[in-house]
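Secondary and tertiary structure notes
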Amino acid sequence: MTMAHDHVMPTDLTRNQELVLGTLNHAPAPLSAYDILDLLRSEGLRAPLQVYRALDKLVERGLAHRLESLNAFVACADEHCHRKGLIAFAICEGCGKVDEFADAVIEERLGKWAGATGFKVERTTMEIRGKCAECLKAA
């Protein structure tokens, strides 16, 4: 699954949330909050706080994800995902493409480890860096 995809937009989003999610849905690569702000200035968004508030709500609802290592955001690639469990991202260092996936085996092992150690997992985001098949072919 690549990020450039068309989603059904939830109907209960604020205007700013719709604008931000729409921008993420059509982005070919992860976007920083300032990238989003630059793209939405023509829509009347002027303050970084407007973008950050929208992003916080979208992430909270599982409609977008924050890539910690890039300090950037992507739309959730699975419109039925909206999950709080393990989400993994494969980030191509060649073209910047991000693939999102979930792995039940890793999630189960993490859950067993957390149970055994008494660690309460609140959020898990795994980021895998490398080269995608297209970039490897081009090399």
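Residues numbered from 1 in each chain as written. Predicted model: local features only at pLDDT ≥ 70, side-chain atom pairs only at ≥ 80, totals over all residues. Heavy atoms only, no water.

**Side note on the pairing of strand E2 (residues 72-75)**
- Here E2 shows a buried face lined by Ala72 and Val74 and a second buried face lined by Phe73 and Ala75.
- One ladder, built from four bridges, connects strand E1 (residues 64-67) with E2; its direction is antiparallel. Note that in E2 the partner of Arg66 across the bridge is Phe73.
- In sequence, E1 turns back onto E2 through a hairpin of four residues, with Asn71 there showing a positive phi of about 50°. (Buried < 20%, exposed > 50% of the residue type's maximum accessible area, 1.4 Å probe, protein only. Helix = DSSP H or I, 4+ residues; strand = E, 2+ residues; numbered from the N terminus. Pairing = 2+ DSSP bridges.)

**As for the pairing of strand E3 (residues 86-92)**
- Across the seven residues that make up E3, a large majority, six, are buried.
- Of the strand pairs in this sheet, E3 and strand E5 (residues 124-130) are connected by seven bridges, and their pairing is parallel. Among the inter-strand pairings, Ala90 is bridged to a residue of E5, identified as Ile128.
- Sheet topology places E3 next to strand E4 (residues 98-101); four bridges connect them, and they run antiparallel. Directly across from Ile91, in E4, lies its bridge partner Val98.

**Brief notes about the side chain of Thr23**
- Position of Thr23 among the secondary structure elements: in helix H1 (residues 15-25).
- Among the residues examined, Thr23 registers a relative accessible area of 14% and is labelled buried.
- The contact partners of Thr23, leaving out residues within four places of it in the chain, are Leu31, Leu39 and Leu40. (Contact = heavy atoms within 4.5 Å.)

**As for the packing of helix H2 (residues 33-40) against helix H3 (residues 48-60)**
- H3 packs onto H2 with a crossing angle of 115° between their chain directions and a minimal axis gap of 9 Å. By the criterion of interaxial angle, the relationship of H2 to H3 is roughly perpendicular. Seen from above, H2 lies across H3 with right-handed handedness. Of H3, the residues touching H2 (which contributes Ala33, Tyr34, Ile36 and Leu37) are Pro48, Val51, Tyr52 and Leu55. (Axes fitted to C-alpha atoms, helices over the stretch in contact; angles between N-to-C directions. Parallel < 35°, antiparallel > 145°, perpendicular 65-115°, else oblique. Left-handed = near helix turned anticlockwise from the far one by under 90°.)

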